[in-house]
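Next come the chains, spelled out residue by residue.
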Amino acid sequence: MSLLVVGLSHRSAPVSVLERASLPADAQVKLLQDTVAAEPATEAAVLATCNRIELYADVDKFHAGVAELSTLLAQHSGVGLEELTPYLYVHYEDRAVHHLFSVACGLDSMVVGEGQILGQIKDSLARAQELHSAGRLLNDLFQQALRVGKRAHSETGIDRAGQSLVTFGLEQLAGGGDVQEWAKGKKALVIGAGSMSSLAAATLARAGVAELVVANRTFDRAERLAQILSEGDDTDVLARAVPMESVPVELTRADVAVSCTGATGLVLTAEAVARAVEGRAPAPSADADGPVTPGGSGRTAAPDAPQGGLPATGPGTDDGCPLDLSAVQGTAGFSVLGEAAVAGMAAADLEQHAAWVDNGTPGGGQRAAAPARPGTLDPAADTDAIAALAATVATVGRIPERRRPEPAEEPHRPEPVLFLLDLAMPRDIDAAAHRLAGVRLVDIESLAEASADAPMAADVDQVRRIVSDEVAAFGAALRAAHITPTVVALRTMAADVVASEIARLDGRLPGLDDKHRAEITQTVRRVVDKLLHAPTVRVKQLAAEPGGAGYADALRTLFDLDPETVAAVSRAEDSTTQRDRGPA
């Protein structure tokens, strides 16, 4: 086996790179054709999903294969090789099998355990078979990956470890709350009618939306999906189809919109979203402590109580102070006489303040000592501190700021009136829409961030064990199959030897009757079969073990088998396998 995988996914590359490297259907076809035409590769398949692009190939040289597959991915994705290379990963032989099986089980998905990947693997295999780029290796590999994925979902609770990307996205839109409660009564717009959009539409219908509109470039597909949703036994939703030109109008009526198309450009711009929410009144929000204030604290301060719990301090409190104390009100631990009051002040202002603190105003007048306040320094200590700061001013020209900056408060955002879920790669909805008031946008990038902290179920460990067992079994079967053409060639050679010796016997004993001739022939064949049985069975067992690939070479050397004969047997088996299988 010389299976090689080169790819990138949400685990290795940022969403911005994945978005640029995404491959539309026609680009995938061209990539497959160019891969099998390349020298190192004899078979190829492309697995392209929302969050991964992987090229599988059977290669005869590892390093040349990596270089060729990487170059082809860069060429067809439109991302330069130097830029793409840091994000590429490579898996070879057993590691490549392990990777695909893990992908099929949902272990490598953005949402662990999601089952949609199985359909995408099936589509990938069907495309490779249709283009005749999948031979025996990739046919066996992808078929087995589908079986392993189904086994993982049927024998374990991996489904509980995560949900489909659609469900996870809707949960994020609902703020982590119950999707059915959030969706009930809402009007939904689904843009696209492919597998992901159809799943989103069905999920929203089951969640209880009141109305569902499907828009698609091919109107017939949108109409068919709307009809299926309307006639579904497990839903009670009013569903209708509209052409893509109606999306701007329908967006003004929608509460939630899900988009997943194959478009290469934006389907919804930020301007279109802004027009859709224009004039809609967002729901007011308030917390338990009182009405929301413009500052966003959610609490109303007492009329005369300053922030921080300190007594009011202002220009009228400490007569004659030359500083504008209102600019620093609210600082915890503020002292008119202290270091915090003058942090950041210019040297000239500092001199005035120092004179005032030293019981002298700029005009020479005296001021009464201010009463000590809890948490402040006494005037003498303040004077020493200011004198030290004055020395600093002489050097740097300004008082250093020693207080920690106040934490910036999040600006208050109104409750959303339009929820947007973008499941496309590249994205369908302008990322700038998330900054619009009254809009909540969840896309692949935000889903990746949210899923990074998602808890893993205990069933994941069981799935990993299944994957390890299946990888070992697949490798053993593949290695055993690898030696089969050699064994067949050996038995073919033995049969030729028997036929040659029987012909020679006919020349020596021309009077031999048919009965005796048949008995002799059968006896010779039994002898040859018994001699070859034990070695051929044992060599298959040995070849199935790790490192057993060399037994085929040893067998060919010991019996002086013609390599071309072995290759011919292998080609014949591959041709028969292709005819028997047909499309997946």
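All of these numbers come straight from a predicted model, not from anything done at the bench. (Residues numbered from 1 in each chain as written. Predicted model: local features only at pLDDT ≥ 70, side-chain atom pairs only at ≥ 80, totals over all residues. Heavy atoms only, no water.)

Caption draft 1: Quick look at the overall build of the protein chain. In terms of helices and strands, the protein chain carries 22 helices and ten strands. Counting the 584 residues in the protein chain, one finds 43% classified as buried. When contacts within the protein chain are restricted to residue pairs at least 6 apart in sequence, those whose partners lie at least 24 apart make up 71%. Surface exposure of the protein chain reaches about 29,700 Å², of which carbon and sulfur atoms provide 53%. (Helix = DSSP H or I, 4+ residues; strand = E, 2+ residues; numbered from the N terminus. Buried < 20%, exposed > 50% of the residue type's maximum accessible area, 1.4 Å probe, protein only. Contact = heavy atoms within 4.5 Å. Areas by Shrake-Rupley, 256 points an atom, 1.4 Å probe, with all protein chains shown as cover.)

Caption draft 2: Spotlight on helix 5 (residues 94-104). Most of helix 5 sits out of view: eight of its eleven residues are buried. All of the buried residues in helix 5 are Ala 96, Val 97, His 99, Leu 100, Phe 101, Ser 102, Val 103 and Ala 104. Among the residues trailing helix 5, Gly 106 stands out with phi positive, at a value near 85°.

Caption draft 3: Expanded view of unusual backbone geometry. Here Met 425 and Pro 426 are connected by a cis peptide whose omega angle stands at 5°. For Glu 93, which is not glycine, the phi torsion reads 50° and is therefore positive. Along the chain, Glu 93 falls in the loop between strand 4 (89-92) and helix 5. Accessibility expressed as a relative area gives 30% for Glu 93, which makes it partly exposed. With phi around 60°, His 132 is a residue other than glycine that occupies positive phi space. Tracing the sequence through the fold places His 132 in the loop between helix 6 (116-130) and helix 7 (136-155).

Caption draft 4: View of the pairing of strand 6 (residues 211-216). With respect to burial, strand 6 is a largely interior element, six of its six residues being buried. Sheet topology places strand 5 (residues 187-191) next to strand 6; five bridges connect them, and they run parallel. Bridged to Val 190 within strand 6 is Val 214. Regarding topology, helix 11 (residues 195-207) serves as the crossover connection from strand 5 to the parallel strand 6, and that connection is right-handed. With six bridges connecting them, strand 6 and strand 7 (residues 238-243) associate as parallel partners. Looking at strand 7, one finds that Ala 215 is bridged to Val 242. (Pairing = 2+ DSSP bridges. Right-handed = clockwise from strand over helix to strand, strands pointing away.)

Caption draft 5: Inspection of the nonpolar core at higher detail. Grouped together as the largest cluster of nonpolar side chains are 69 residues, with contacts concentrated most on Leu 84, Trp 182, Leu 212, Leu 229 and Leu 423. With seven residues, the top contributor of residues to this core is helix 11. If sequence neighbours within four positions are ignored, Leu 423 has contacts with Cys 50, Leu 165, Val 166, Met 196, Val 258, Ser 259, Cys 260, Ile 444 and Leu 447. Ranked by size, the runner-up nonpolar core spans 36 residues in total, among them Val 97, Val 112, Leu 125 and Val 463. (Core = buried A, V, L, I, M, F, W, Y, C linked by side-chain atoms within 4.5 Å.)

Caption draft 6: Up close: the packing of aromatic side chains. Taken as a whole, this structure holds four aromatic pairs when the rule is applied. Aromatic pair Phe 101 and Phe 474: ring centres 5.9 Å apart, planes at 80°, arrangement edge-to-face. Linking Phe 101 in helix 5 with Phe 474 in helix 19 (residues 459-508), this pair joins segments that are 373 residues apart in sequence. The residues Phe 101 and Phe 474 share a single accessibility class, namely buried. (Phe/Tyr/Trp six-rings, centres within 6.5 Å; stacked < 30°, edge-to-face > 60°.)

Caption draft 7: Structural context of the packing of helix 5 against helix 19. Running from amino to carboxyl end, helix 5 crosses helix 19 at an angle of 135°, the nearest separation of the two axes being 9 Å. Here helix 5 is positioned oblique relative to helix 19, judged by the angle of their axes. As helix 5 packs across helix 19, the resulting crossing turns out to be right-handed. Residues Asp 94, Val 97, His 98, Phe 101 and Ser 102 of helix 5 pack against Val 467, Ser 468, Glu 470, Val 471, Phe 474, Gly 475 and Arg 479 of helix 19. (Axes fitted to C-alpha atoms, helices over the stretch in contact; angles between N-to-C directions. Parallel < 35°, antiparallel > 145°, perpendicular 65-115°, else oblique. Left-handed = near helix turned anticlockwise from the far one by under 90°.)

Caption draft 8: Structural context of the pattern of salt bridges. Counting across every chain of the model gives 20 salt bridges. Salt-bridge contacts for Asp 108 lead to Arg 52; the nearest nitrogen and oxygen are separated by 2.9 Å. Remark: Arg 52 occurs in strand 3 (residues 52-59) and Asp 108 occurs in the loop between helix 5 and helix 6; sequence separation between them is 56 residues. Taken as a pair, Asp 108 and Arg 52 share a single burial class, namely buried. (Salt bridge = Lys/Arg side-chain N within 4 Å of Asp/Glu carboxyl O.)

Caption draft 9: Inspection of the pairing of strand 9 (residues 418-422) at higher detail. A large share of strand 9 lies buried, amounting to five of its five residues. Where burial is concerned, the two faces of strand 9 agree: the one with Leu 418, Leu 420 and Asp 422 and the one with Phe 419 and Leu 421 are both buried. Note that strand 8 (residues 256-259) and strand 9 share four bridges and pair parallel. Within the sheet, the bridge partner assigned to Val 256 lies in strand 9 and is Phe 419.

Caption draft 10: Fine view of the sheet that holds strand 5. Spatial strand order, 7-6-5-8-9-10: six strands in an open sheet with parallel pairing. Every interior strand has two partners, whereas the edge strands, strand 7 and strand 10 (439-442), have only one. Here the average twist between neighbouring strands, direction ignored, is 15°. Those strands touched by helix 12 (residues 219-231) are strand 6 and strand 7, and its axis lies near 175° from that of strand 7.

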